[in-house]
Amino acid sequence: MEKLLCFLVLTSLSHAFGQRDMSMKAFVFPKESDNSYVTLKAQLTKPLKAFTVCLHFYTELSSTRGYSIFSYATKRQNNEILIFWSKDIGYSFTVGGSEILFEVPEVPVAPVHICTSWESASGIVEFWVDGKPRVRKSLKRGYTVGEDASIILGQEQDSFGGSFETQQSLVGDIGNVNMWDFVLSPDEINTVYLGGPFSPNVLYWRALKYEVQGEVFIKPQLWS
């Protein structure tokens, strides 16, 4: 009996952050909630002085309300990195609690691919939507992003790892979430957009460590 209990405990712990090749898969958030989300485990050993995040998402919410796309919190800053859709405005991008906006009239009811990058040395932010760049902007020059990260899909963190609000939750699909600890070049972003190989070193969709909470499902991607 003791051996069985030990096995069950070890099995449970090993699945706390399971690793899986998520190629051609997506996380599906079928309804509003304040308790359904996915936690991602990053491969970080030092603070970030630059990064790039790329992903696909698909939702009908854009004309209805705002929602969180990517939430990276540390214990010192809830919105260390935040990609958020704001209704009637467009994409809100936050680093270290400071926000800039990239205006977009609307997101079509179709899968969307975004890439965003930031570097501390210049503060320059790039934001790409379906392979097309928006005008560059500047944010938090000289800042360093903490490595003690809680990274969550499906909800915005108003505290480290929690304090979710239903009206900020994502309803829809999200996939191909990759992150690098440097700024990708335009050619590299185009390669990622076209589905070409370019191995990430912080979050890697093909070897993703994650934990699912609540009503979230893994299904085949609806985009090519």
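Residue numbering note: each chain is counted from 1, following its sequence as written. Per-residue local features of the predicted model are confined to residues with pLDDT of at least 70, and side-chain atom pairs are confined, for both listing and counting, to 80 or more; whole-chain, interface and lining totals are unaffected and use all residues. No hydrogens and no water enter the side-chain calculation; it runs on all heavy atoms of the structure.

**Q** Which residues make up the UniProt feature "domain: Pentraxin (PTX)" (unreviewed entry) in the protein, and what values go with them?
**A** UniProt positions are given in the numbering used here, feature names are shortened, and annotations may be inferred rather than shown by experiment. Per the UniProt entry, the sites bearing "domain: Pentraxin (PTX)" (unreviewed entry) are residues 23–224 in this numbering. Helix makes up 4% of residues 23–224 and strand 42%. Its end C-alpha atoms lie 11 Å apart. Here a strand is any run of E in DSSP of at least two residues, a helix any run of H or I of at least four, and the numbering for each starts at the N terminus.

**Q** Go over the sheet that holds strand β8 (residues 98–103) with me, naming the residues and quoting the values.
**A** Any two strands between which DSSP finds at least two bridges are classified as paired. Taken in spatial order, the eight strands line up as β1-β15-β3-β13-β5-β6-β7-β8 in an open sheet, and their pairing is antiparallel. The outermost strands of the open sheet, each flanked by one partner alone, are β1 (18–20) and β8. Between one strand axis and the next, the sheet turns through 25 degrees on average, direction left out of account. Where strand β6 (residues 81–86) and strand β7 (residues 90–95) come together, six bridges link them in antiparallel fashion. Pairing of I83 across the sheet is with F93, part of β7. Helix axes use the C-alpha atoms of the stretch in contact, all axes being lines fitted to C-alpha atoms, and the angles between their N-to-C directions lie in the range 0 to 180 degrees.

**Q** Describe the environment of G142, listing the residues and the values that go with them.
**A** The residue G142 is located in the loop between β12 (137–138) and β13 (150–153) in this model. For G142, a relative accessible area of 56% translates into the label exposed. Taking C-alpha positions, G142 is 7.4 Å from S122, a pair spaced 20 residues apart along the chain. In this scheme, a residue with accessible area under 20% of its type's maximum is buried, one over 50% is exposed, and one in between is partly exposed, where area comes from a 1.4 Å probe on protein chains only.

**Q** Mind laying out the side chain of S71, listing which residues take part and the relevant values?
**A** Tracing the backbone shows S71 in strand β5 (residues 67–73). For S71, a relative accessible area of 1% translates into the label buried. Polar contact criterion, stated in full: a pair of N or O atoms within 3.5 Å, where within protein one must be able to donate a hydrogen and the other to accept it, and residues adjacent in sequence count only if both atoms are side-chain atoms. A polar atom in the side chain of S71 sits 3.0 Å from the side chain of Q157. In this description, contact between two residues means that some pair of their heavy atoms is separated by no more than 4.5 Å. Setting aside chain neighbours within four positions, we find S71 in contact with I81, L82, S150, I151, I152, Q155, E156 and Q157.

**Q** Break down the pairing of strand β4 (residues 50–59) for me, citing the residues and quoting the values.
**A** Counting buried positions along β4 yields nine of 10 residues, so the element is predominantly enclosed. In this sheet, strand β9 (residues 112–119) lies alongside β4 in antiparallel orientation, the contact comprising eight bridges. Bridging across to β9, A50 finds its partner in E119. Relative to strand β14 (residues 172–180), β4 runs antiparallel, the two being bridged by seven bridges.

**Q** Could you give an account of the state of the cysteines, with specific residues and numbers?
**A** Pairs of cysteine sulfur atoms within 2.5 Å are identified as disulfides in what follows. Under the criterion given, the structure shown has one disulfide. A sulfur-sulfur distance of 2.0 Å marks the disulfide that ties C54 to C115. With the S-S bond torsion at 115 degrees, the cross-link from C54 to C115 turns out right-handed. Remark: C115 occurs in strand β9 and C54 occurs in strand β4; sequence separation between them is 61 residues. Each of the two residues, C54 as well as C115, counts as buried.

**Q** Account for the packing of aromatic side chains, naming residues and giving values.
**A** Pairing of aromatic rings covers Phe, Tyr and Trp, the last through its six-membered ring, and needs centres within 6.5 Å; plane angles under 30 degrees mean stacked, over 60 mean edge-to-face, and all others mean tilted. In this structure the tally under the stated criterion is 11 aromatic pairs. Here the aromatic residues F57, Y67, W85, Y91, F102 and F127 are joined through ring pairs into a cluster of three or more. The ring centre of F102 lies 5.0 Å from the NZ or CZ of K137, which sits over that ring. Whether a charge sits over a ring depends on NZ of Lys or CZ of Arg being within 6 Å of the ring centre and within 35 degrees of the ring normal.

**Q** Outline the pairing of β5, listing residues and values.
**A** Across the seven residues that make up β5, a large majority, seven, are buried. Sheet topology note: the β5/β6 ladder contains five bridges and is antiparallel. When the bridges of β6 are listed, S68 appears paired with F84.

**Q** Please provide a residue-by-residue account of the nonpolar core, values included.
**A** In globular proteins that are soluble, nonpolar side chains generally tend to be buried together. Throughout, nonpolar core names a set of buried Ala, Val, Leu, Ile, Met, Phe, Trp, Tyr and Cys residues whose side chains join them through atoms within 4.5 Å. Counting 49 residues, the largest nonpolar core has F27, F70, Y91 and F93 as the members making the most contacts within it. The residues touching F70, leaving out its near neighbours within four places in the chain, are V53, L55, I81, L82, I83, I151, I152, L153, V177, M179 and L203. Membership of the second largest hydrophobic core comes to seven residues, among which are C115, W128, W180 and I189.

**Q** Residue-level account of the pattern of salt bridges, with values.
**A** When a carboxyl oxygen of Asp or Glu is within 4 Å of a side-chain nitrogen of Lys or Arg, the pair counts as a salt bridge. Within the structure shown, the criterion is met by five salt bridges. The partner of E215 in a salt bridge is K31, and the shortest N-O contact between them spans 3.2 Å. Of the two residues, E215 is situated in the loop between β15 (208–213) and β16 (217–220) and K31 in the loop between β2 (25–29) and β3 (37–40); the sequence distance between them amounts to 184 residues. R65 is the partner of E32 in a salt bridge, and the nearest nitrogen-oxygen pair spans 3.0 Å. Placement of the pair is E32 in the loop between β2 and β3 and R65 in the loop between β4 and β5, with a sequence separation of 33 residues. The class of E32 is partly exposed, set by a relative accessible area of 36%. The buried category is assigned to R65, whose relative accessible area is 7%.

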